[in-house]
Amino acid sequence: QVQLVESGGGLVQAGGSLRLSCAASGRTFSSSGMGWFRQAPGKEREFVAAITRSGATTYYADSVKGRFTISRDNAKNTVYLQMNSLKPEDTAVYYCAASRGLRVGIEVRDFGSWGQGTQVTVSS
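Looking at this model, I keep getting lost on the pairing of strand S9 (residues 92-99). Mind explaining?
As a general feature of sheets, a regular strand has side chains that alternate between the two faces. Burial analysis of S9 places 7 of its 8 residues in the buried class, which makes it a mostly covered element. Two elements, strand S4 (residues 34-39) and S9, share 6 bridges in a ladder whose sense is antiparallel. Bridge pairing links Gly 35 to Ala 97 in S9. Sheet analysis places S9 next to strand S11 (residues 118-123), joined by 3 bridges and oriented antiparallel. If you follow Ala 92 over to S11, its bridge partner there is Val 120.

Put into structure tokens, the structure is as follows:
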């Protein structure tokens, strides 16, 4: 199992930017596909972005494509989510997750380790 700790959330005005970080420990980080999910009050947890073990391939939800960028630094055991042009509808708790197997997916069930979450609030 891999342990994950997110940071970088906060309050930002619409149109602003934030960068989330997720530090991993435990199981070899570079053997895990990584993902970011978010959950707004009263809603299901939803996929935001994912990245393969090498970082060569990334996947995005349509709602964030072109605004968010996922990246990873395997030397630092860290995955990032750069969020630009933020909108009030991006307000949610953001979770970092590590894949169950070697391949990365985009469903909640594809991920077996989760961080505690970090709050992102975008004001209008």
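Explain the nonpolar core to me, please; I cannot follow it from the model alone.
Generally speaking, nonpolar side chains in soluble globular proteins are found buried as a group. Core analysis: the biggest nonpolar cluster contains 33 residues, and Met 34, Trp 36, Val 79, Leu 81, Met 83 and Tyr 94 have the highest contact counts within it. Put simply, the parts of the chain that give this core at least two residues each are strand S1 (2-7), strand S3 (18-26), S4, strand S5 (46-51), strand S7 (68-73), strand S8 (78-83), S9 and S11.

Mind showing me how you'd approach the state of the cysteines here?
According to the stated counting rule, one finds 1 disulfide in the structure shown. Paired through a disulfide, Cys 22 and Cys 96 show a sulfur-sulfur distance of 2.1 Å. Residues Cys 22 and Cys 96 are joined by a disulfide whose S-S torsion is about -80°; by sign, that bridge is left-handed. Taken as a pair, Cys 22 in strand S3 and Cys 96 in strand S9 lie far apart in primary sequence, 74 residues in all.

What's the story with the sheet that holds S3 in this structure? I'm lost.
Hydrogen bonds between backbone groups are what pair the strands of a sheet, and the pairing can be parallel or antiparallel. The strand order S1-S3-S8-S7 describes an open sheet built from 4 strands, whose pairing is antiparallel. At either margin of the open sheet sits one strand with a lone partner, and together these are S1 and S7. Each neighbouring strand pair of the sheet contributes to a mean axis angle of 20°, computed without reference to strand direction.

What is the right way to read the packing of aromatic side chains from this model?
As enumerated under the stated definition, the model contains 4 aromatic pairs in all. Ring geometry for Phe 37 and Phe 111: centres 5.2 Å apart, planes at 75°, overall edge-to-face. Placement of Phe 37 in strand S4 and of Phe 111 in strand S10 (residues 111-114) is noted, with a sequence separation of 74 residues between them. Per residue, the accessibility class of Phe 37 equals that of Phe 111, and both read buried. One aromatic cluster is present, formed by Phe 37, Phe 47, Phe 111 and Trp 114 through successive ring pairs.

Criteria and cut-off values
- Residues numbered from 1 in each chain as written.
- Predicted model: local features only at pLDDT ≥ 70, side-chain atom pairs only at ≥ 80, totals over all residues.
- Heavy atoms only, no water.
- Buried < 20%, exposed > 50% of the residue type's maximum accessible area, 1.4 Å probe, protein only.
- Helix = DSSP H or I, 4+ residues; strand = E, 2+ residues; numbered from the N terminus.
- Pairing = 2+ DSSP bridges.
- Core = buried A, V, L, I, M, F, W, Y, C linked by side-chain atoms within 4.5 Å.
- Disulfide = S-S within 2.5 Å.
- Axes fitted to C-alpha atoms, helices over the stretch in contact; angles between N-to-C directions.
- Phe/Tyr/Trp six-rings, centres within 6.5 Å; stacked < 30°, edge-to-face > 60°.

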